[in-house]
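Chain by chain, the residues:
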Amino acid sequence: MKKVVGVGLFLLVWEGVAHSGLVPQQYFPSVTQVALAAREMLLSGELLQAEGKTLMRALIGLLLAIGLGVSLAMLAARYLLLARMWAPLVEIMRSVPPAALVPLGIFALGLTPKLFIGIVVFAGITMVYLPALNALINTEPVQINAARTLGYSRLETLFLVRLPAAWPEIFTGIRVAAGAALIASIASEMLAGKDGLGFLLFDTAFSLRTNAMFAVMLVAALNGILFNELVLWARRPLAGWQDALNHLGDAR
Amino acid sequence: MNRLSRLRDSAWPGTLFLLGLLLTWEVAARQIASPNFPGALTVLSKLGEVGPALLREMGVTLWRAAAGLLLALVTMLPLGVFIGRFRALGDFIEPVIDMLRPLPPLAIVPVAMLFAGVGSGAKVMVIFYSVSFPIILSAIDAVRGAHPMLSNVARSLRMSRREIMLEIDLPAALPQVMVGIRIAVALAILISVSTEMLLSTDGIGNFIMRSQEEFQIAAGMAALIVIAVTALIINGVVEWIDRRALRWHYAKQASTTSN
Amino acid sequence: QEVKKLRVALVPGIGCLSIYVAAVKGFFKAENLDLEEIPINTGPGAATAVTSNSADVGYGGTLPIILARSHNIPFRFVMGGYYEQAPLSSDDAIIASNKSGINSVADLKGKVIAVNNAGGVNDQQVRLKLAEAGIPIESVKILSVPFPQMQAALQIGNADAVATVEPFRTAILLAKLGKVIARGYVKDKDLTKAVPVGVFYATEQWINGNADTLARLKRSIEKANDFIKANPAEAKEILVQRLRLPADVVGALTLPPYTTTIDPAGLQAVMDAALSVGFLKKPMKAQEMFADSK
Amino acid sequence: MIGSVSLLSVQGISKALGNAKQSTQIIGSVSFEARRGEFVSVVGPSGCGKTTLLMCLAGLYAVDGGRLAFDGKPVSAPPQGVSVVFQDYSRSLLPWKTVFDNVLFGMKRITDMDSIGKRAWAAELIASVGLKGFEASYPWQVSGGMQQRVAIARGLAARSRLLLLDEPLAAVDAQTRAEMQDLLLDLARKYDQTCVLVTHDVDEAVYMADRIVVLSKRPTTVVEDIPVALSKPRDQLKTREDRTYLGLRHEVITLIRSMRVDH
Amino acid sequence: MIGSVSLLSVQGISKALGNAKQSTQIIGSVSFEARRGEFVSVVGPSGCGKTTLLMCLAGLYAVDGGRLAFDGKPVSAPPQGVSVVFQDYSRSLLPWKTVFDNVLFGMKRITDMDSIGKRAWAAELIASVGLKGFEASYPWQVSGGMQQRVAIARGLAARSRLLLLDEPLAAVDAQTRAEMQDLLLDLARKYDQTCVLVTHDVDEAVYMADRIVVLSKRPTTVVEDIPVALSKPRDQLKTREDRTYLGLRHEVITLIRSMRVDH
Ligand SMILES: Nc1ncnc2c1ncn2[C@@H]1O[C@H](COP(=O)(O)OP(=O)(O)OP(=O)(O)O)[C@@H](O)[C@H]1O
Ligand SMILES: Nc1ncnc2c1ncn2[C@@H]1O[C@H](COP(=O)(O)OP(=O)(O)OP(=O)(O)O)[C@@H](O)[C@H]1O
Ligand SMILES: [Mg+2]
Ligand SMILES: [Mg+2]
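Residues numbered from 1 in each chain as written. Chains lettered and ligands numbered in written order. Predicted model: local features only at pLDDT ≥ 70, side-chain atom pairs only at ≥ 80, totals over all residues. Heavy atoms only, no water.

Peer 1: Looking at this model, I keep getting lost on the site of ligand 2. Mind explaining?
Peer 2: As a matter of local geometry, ligand 2 sits amid 22 residues, with Lys50, Thr51 and Thr52 of chain D together with Ser143 and Gly145 of chain E nearest to it. Glycine 49 of chain D has a polar backbone atom sitting 2.8 Å from an oxygen atom of ligand 2. Taking arginine 218 of chain D, its side chain carries an N or O atom lying 2.7 Å from an oxygen atom of ligand 2. Against a free-state accessible area of 640 Å², the protein chains account for coverage of 92% of ligand 2. (Near = heavy atom within 4 Å. Polar contact = N/O pair within 3.5 Å; in protein donor to acceptor, adjacent residues only side chain to side chain. Areas by Shrake-Rupley, 256 points an atom, 1.4 Å probe, with all protein chains shown as cover.)

Peer 1: I would appreciate a short explanation of the pairing of strand β1 (residues 6-18) of chain D in the present structure.
Peer 2: Along any regular strand, the residues point their side chains to alternate faces of the sheet. Residues and elements named next belong to chain D. Strand direction decides the pairing type here: β1 and strand β2 (residues 23-35), joined by 9 bridges, are antiparallel. Looking at the pairing, valine 10 lines up with phenylalanine 32 of β2. Sheet topology note: the β1/strand β4 (residues 65-70) ladder contains 5 bridges and is antiparallel. For leucine 8, the partnering residue across the bridge sits in β4 and is phenylalanine 70. (Pairing = 2+ DSSP bridges. Helix = DSSP H or I, 4+ residues; strand = E, 2+ residues; numbered from the N terminus.)

Peer 1: How should I be thinking about the interface of chain A and chain C in this particular structure?
Peer 2: Listed per partner, the contact involves 23 residues of chain A and 27 residues of chain C. Summed over both partners, the interface of chain A with chain C comes to about 2000 Å²; 63% of that surface belongs to carbon and sulfur atoms. Taken as a group, Tyr27, Phe206 and Leu208 of chain A account for 29% of the area that chain A buries against chain C, more than any other trio of residues on that side. Applying the counting criterion to the chain A and chain C interface returns 1 salt bridge. With its nearest N and O atoms 3.0 Å apart, the salt bridge here joins glutamate 46 of chain A to arginine 244 of chain C. Remark: the boundary between chain A and chain C carries 3 residue pairs in polar contact (both at pLDDT 80 or more). Counting only elements with at least two residues in the side of chain A that touches chain C, the list comes to α5 (98-109), α8 (154-192) and α9 (196-206) of chain A. Ranked by residue count, the leading element in the side of chain A that touches chain C is α9 of chain A, at 5 residues. A per-class count over the side of chain A that touches chain C returns 14 nonpolar, 4 polar and 5 charged. (Contact = heavy atoms within 4.5 Å. Buried area = accessible area lost by both parts, 1.4 Å probe. Salt bridge = Lys/Arg side-chain N within 4 Å of Asp/Glu carboxyl O. Nonpolar A, V, L, I, M, F, W, Y, C, P; charged D, E, K, R; others polar.)

Peer 1: Could you clarify how one ought to interpret the sheet that holds strand β2 (residues 23-35) of chain E in this entry?
Peer 2: Strand pairing in a sheet relies on backbone hydrogen bonds, with the paired strands running either antiparallel or parallel. Residue and element names in this part refer to chain E. Reading across from one edge, β5-β4-β1-β2-β10-β9-β3-β8-β7-β6 is the order of the 10 strands in this open sheet, with mixed pairing throughout. On the outer flanks of this sheet lie β5 (73-74) and β6 (82-85), each paired with one strand and no other. Relative to strand β10 (residues 220-227), helix α9 (residues 243-258) is tilted by about 170°, and along the sheet it contacts β3 (39-43), β9 (211-215) and β10. (Axes fitted to C-alpha atoms, helices over the stretch in contact; angles between N-to-C directions.)

Peer 1: Looking at this model, I keep getting lost on the packing of aromatic side chains. Mind explaining?
Peer 2: Each aromatic ring pair is described using two quantities: the centre-to-centre distance and the angle formed by the ring planes. Taken as a whole, this structure holds 23 aromatic pairs over all chains when the rule is applied. Ring plane angle 45° and centroid distance 5.9 Å describe the contact between tyrosine 82 of chain C and tyrosine 258 of chain C, whose orientation is recorded as tilted. Linking tyrosine 82 of chain C in strand β4 (residues 75-84) with tyrosine 258 of chain C in the loop between α11 (247-252) and α12 (264-276), this pair joins segments that are 176 residues apart in sequence. The two residues tyrosine 82 of chain C and tyrosine 258 of chain C agree in class, both being buried. What links up through ring pairs into an aromatic cluster is the set Trp14, Phe28 and Phe214 of chain A together with Phe115 of chain B. The positively charged end of arginine 240 of chain D is found above the aromatic ring belonging to tyrosine 207 of chain D, 4.6 Å away from the centroid. (Phe/Tyr/Trp six-rings, centres within 6.5 Å; stacked < 30°, edge-to-face > 60°. Buried < 20%, exposed > 50% of the residue type's maximum accessible area, 1.4 Å probe, protein only. Lys NZ or Arg CZ within 6 Å of the ring centre and 35° of its normal.)

The values are spatial; any link to function lies outside them.
Structure follows, in structure tokens:
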């Protein structure tokens, strides 16, 4: 409910800015104009089709990024030599814009779904890996000590103590990565796609359909909320305990 | 010897690993032998040729990245702590953050241009926009995830909300927020380059764009190498600052960790 | 005659009308060509798709392919797409806003000019025209603004002039925001030549192995070109449908001449222009784009 | 010494913990008064709700029912002039501050002292809890008992009118414990402080108190409110051999035994 | 009951803490033996190095010098068959596991029991530490004393041959404390466990022990290694009134007094 209010306020501000005359409405349409354009695109089916494509790519890429990021972080936390080994690569990967890699990507992966998913994974993986590694090596030492003396091997400690303790922080990473995954799928579609929201964004811009372009952006924005709900839903069983612990302090 | 300092103390494995990658690259390029995929040696010799120009462009890129990052740090860090502390507020603001997050920088460029013009302002705004999210999200989550005990202490000392946020929430959250900041730093460079590829006439992103337009693939890769090296250096600096600012945290982790 | 599959990487735009018409009118099918359009939004992207075998044939701007060839990417032109020729047609223009008070290229001194992307064909155009007017490039401020945002940039005043292409050119002119002060990707003296703007290209290797497919492609495109010439109104209608462009803009713009032939003189003019502003590093002969390289 | 005015007035307060779906009544109904300068010991079985009670007194938890007043004013937020030493001492110290700065941190709200005075007072306190030489250590660099003493020093630093102590000496050795007890009594007298001490050590409860509040198991109520008729100042040897002392000790132990949480 | 074989052999071990730049000698030189089934109490002033010693015994800290053997084998990593109840009980529990699961977590090494047996044993332990009804609570939902008892239950769950207890009863009330003491003694006898108990409560140290190791202040050394000639089983009333008991108590207190950390 509160979420709806927040989004409503946001739309209200948008509407206000659009009517303020700060920028000609032709270039920055009002919410109502955008809604009309969205309705039309919905009816024609092009919006839903593009949305499905983009969501699928982002979701598969995100899941892969999470799986890989967490696994690699666990591997790195267990064998610190590995962490040190690929640390520079991680740093490099984080600053290289995927857009610069699109030509190389097309060359290596072809114009296949692999390309888009590959770019999404590339954009998201370090955002999962870094917080995960940080959380995995910063576990409460007393808990590690307890597990060690209770007979848990380092590997078991990793899975049974470090990982559960790290989930809350890992999920922060996943939240950031979820946004990055959506961005990456749209951006790659803008650069090299023939479908999806990214392509539609480009297409609407190049066919001078400003209202439609904003409608696509609105849909992209709503995906953010959708993905975040997904992340929160997945978070509950793994890191929900932390919220409850935290509510202890909310006694007032 | 503890895990953290062991993690940081040697550059050898990383260097060897990178060299290994370069080697693999060179071998692969020779195997494939395509003008689309020049080898490491070709790219490195190209780097020697265009290096000075690249460094100049990198300077421009970094300047904008730094401006956007700084802006994000000074606004989003406090805002994140604020939202983290006042859950009710987060309920309203977070959905808006979530909405704004998935908009690709490329897509907000037109909007940014409408409001911030077409100069550096628009680019800095886009960088600011993009790097805000890792900072604010990690701040929100870190503050929320902190054990309520310290907040009890602060409240019993009758600290004001502002003081609690500044003197308790922020330092307590910093070890986790630092990871968000590290992500943001790299992202700032990335976005700076990306926006330049799209709407700039200078900066290393523009250089890459030109190289792509002109099919100077080796030159484009040389630019990527410059970005990579810069990223490594900057990350080194950030880590150094991190270790200074959070000396207590690393010492604590080190001192209480078992053998 | 068996059905041949053909993948064409293209940068969507007005230049693609022949392909759209051939598809809509079933000219490809008539040649037993199963043609798949692969839209890619940048010229280099489309070219990479061709070199990496994600597409068989590319269709896009002339200049990027010339540059690719000059960097030893084994591209060859397969046939022409469309061209511009003064005074008959023009696809591109430098437009100055009304409020800037600019009347000619010479007035650009000290002004702000927007190009689509630095290093692209628009950038080359601006540099070429400034050089011809004797204005040093340093005396103007060149900005990079994507085509769709140029109109806003002109109106809001972020730029005094823009180097743009169709359909944005017509849209700006329709909105009465400015006037054309220069045109063409070649030197003014070459404007009267038939300057190829859009071309079909492929790798040498592919061309050598697919002569038959290429012949079918050529025949169907030629049929389409004839159709466009004969039914401009219906062709425009197809353009509106395929590119979802506003009908008034399409109605107002002049369709460029679509042809499968490439005038070597026009092509040479493009190469010379690129060389004169330094985009091309060494002189090239038009013939190189047709002959096998060693 | 003890004024007749009630500084802290607890009248039938109750408190449940948990969330909306599932909440447990922790404090059934608790009433007692603490006059100015009075030292009240609170004893009760483990898990009965002593910590919860102290959190309410500190204004950190809102009470569900009853009336709670400090210095005549109802408590709705942490009131001025109340310090708390938390049971979870190790978590209550700021890990990024040294021992010295943690103690200094306790003086946040002190206005009648300049920075030099504060530093001197902090140094004095640290010395009197036996941590001289550890000023520059971080909390996680000192032992459990030492951490607990840092927490005490921080609690004492503010010279608050009301001091709430939640098992403040649970982790220190017997000898130090005795010294700390006397330190607390000393300072309380010197600064006219009212204290509420939660402790599981009956000897300590009797030794320190002017009054002992014995709590029942959860949901907790006051079983007995016993005045301690022992002269002040107390003495570790003499007081503990005093007849009255032994009698009270016996009484309290018997009371607690009688209400063991069954299992 | 007590075997003559030394299960734990500590010979002149030393340990410094801190980093390379600045390290402090915590354990000077400590030697003692614990035979199978023996109960050793360790007492010493706060901050002397008891926790550090226990961490060494548990194989969690590597000793700098001396020889440390468990069951004849040198200790270099946490050895099989050693359980620890940590002083920092609240942090040692896993916050994402319920009380029940935390106790179950302690049974990793138990192989001769199926999952049903383990669950029954966990339930039994939880009941015997007085936490019946709190199985489904999370550690942070129960009081300090209850958390400490969860930690004890977890430590007991493994039925290890050597049990290291770091002030395991510091946060529970007197009555529960007595019961827990007897529980520990009972189980130790039943499962033939050797125990090393760090405590600051001299009464407890004497009551529980077959031998008391008195440590000096930092850098710590063994001041006295006192055998306790009290019959077993012990009894909370009888043993504590025993002459020998009182004599030992006196001896230990005197020893500790004599070496207060000066300030
Ligand atoms: N990381 C560290 N660096 C330097 N000194 C440390 C560190 N950790 C602990 N110490 C010191 O080691 C000494 C012994 O600590 P330890 O925790 O073993 O004491 P303890 O005997 O268990 O005390 P207590 O009874 O208070 O728990 C203390 O004086 C403490 O200051
Ligand atoms: N968040 C919570 N939800 C439900 N019950 C809680 C919560 N927090 C505490 N409790 C319960 O409240 C009761 C009282 O806890 P409290 O910490 O006040 O006890 P205490 O008297 O201080 O015990 P101790 O002497 O062991 O510290 C305990 O039984 C505990 O299980
Ligand atoms: Mg308590
Ligand atoms: Mg200790």
